[in-house]
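# Close look at the chain arrangement
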Amino acid sequence: MAALKVLIVDDSLVMRKLIVKSLKEVGFEVDPIEASDGKDALRKLDPKTVNLIISDWNMPQMDGLSFVKKVRENKDTKRIPIIMLTTEGSMAKFEEALNSGVDDYITKPFTPDKLKKKLEKVMGKS
Ligand SMILES: [Mg+2]
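### Structural notes on helix H3 (residues 64-73)
For H3, the complete set of buried residues consists of Gly64, Leu65, Phe67, Val68 and Val71. Summarising the axial view, the buried residues of H3 lie within an arc of 160 degrees, below the 170-degree limit, and thus occupy one face. Looking at the buried side of H3, the elements it contacts are strand S1 (4-9), helix H2 (38-44), strand S3 (52-55), strand S4 (82-86) and helix H4 (91-99).

In structure tokens, the structure reads:
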């Protein structure tokens, strides 16, 4: 199986590294692309190659929710699975994210196993 081309969007470098490490730990072969906010992510999002997006919510310049809306508005990127990985844990935020087109939602701190389960779920769907 080809490596999973995953776009990881988070303003924390430490968090981005932790996500990559976690994915590898649970057995995914990943080819990550990192972005530090929504704007940076839109520039780096190649619809021909990216299989999955994992995005934070709170980021400078463009937050995760605005980024998700942009991805869903574009016909070339609207079907790419998106997991939101955030400290925002309220039901209202969760619903807002789902309504904006997020496929699944994980709250920080997360475990590699939790990430694996969510990832298998959203990838199976696409
Ligand atoms: Mg953040």
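### Looking at the nonpolar core
Grouped together as the largest cluster of nonpolar side chains are 27 residues, with contacts concentrated most on Leu7, Val9, Ile53, Ile54, Ile82 and Met84. Among the secondary structure elements, those contributing two or more residues to this core are S1, helix H1 (13-25), S3, H3, S4 and helix H5 (112-125).

### A few points about H1
With 13 residues, H1 ought to run about 18 Å at 1.5 Å a step, and its terminal C-alpha atoms sit 18 Å apart, in line with that. Gly27 occupies a position one or two residues after H1 and carries a positive phi of about 95 degrees.

### Structural notes on the sheet that holds S4
Within the open sheet, the five strands sit side by side as S2-S1-S3-S4-S5. Their pairing is parallel. On the outer flanks of this sheet lie strand S2 (30-35) and strand S5 (104-107), each paired with one strand and no other. For this sheet, the mean angle separating the axes of adjacent strands, direction not counted, is 20 degrees. Direction of pairing for S4 relative to S5: parallel, over a ladder of four bridges. Counted as the bridge partner of Ile83 is Asp104 from S5.

### Observations concerning the pairing of S4
In terms of burial, S4 is largely enclosed, as five of its five residues are buried. Taking every second residue as pointing to the same face, both faces of S4 are buried, with Ile82, Met84 and Thr86 on one and Ile83 and Leu85 on the other. Pairing of S3 with S4 involves three bridges; the strand directions are parallel. Looking across to S4, one finds that Ser55 is bridged to Met84. Taken together, S3, H3 and S4 constitute a β-α-β crossover, and its handedness is right-handed.

Criteria and cut-off values
- Residues numbered from 1 in each chain as written.
- Predicted model: local features only at pLDDT ≥ 70, side-chain atom pairs only at ≥ 80, totals over all residues.
- Buried ≥ 20, exposed ≤ 12 C-beta atoms within 10 Å, placed from the backbone.
- Helix = DSSP H or I, 4+ residues; strand = E, 2+ residues; numbered from the N terminus.
- Arc of directions from axis to C-beta.
- Contact = placed C-beta atoms within 7 Å.
- Core = buried A, V, L, I, M, F, W, Y, C linked by C-beta atoms within 7 Å.
- Expected span 1.5 Å × (residues − 1).
- Pairing = 2+ DSSP bridges.
- Axes fitted to C-alpha atoms, helices over the stretch in contact; angles between N-to-C directions.
- Right-handed = clockwise from strand over helix to strand, strands pointing away.

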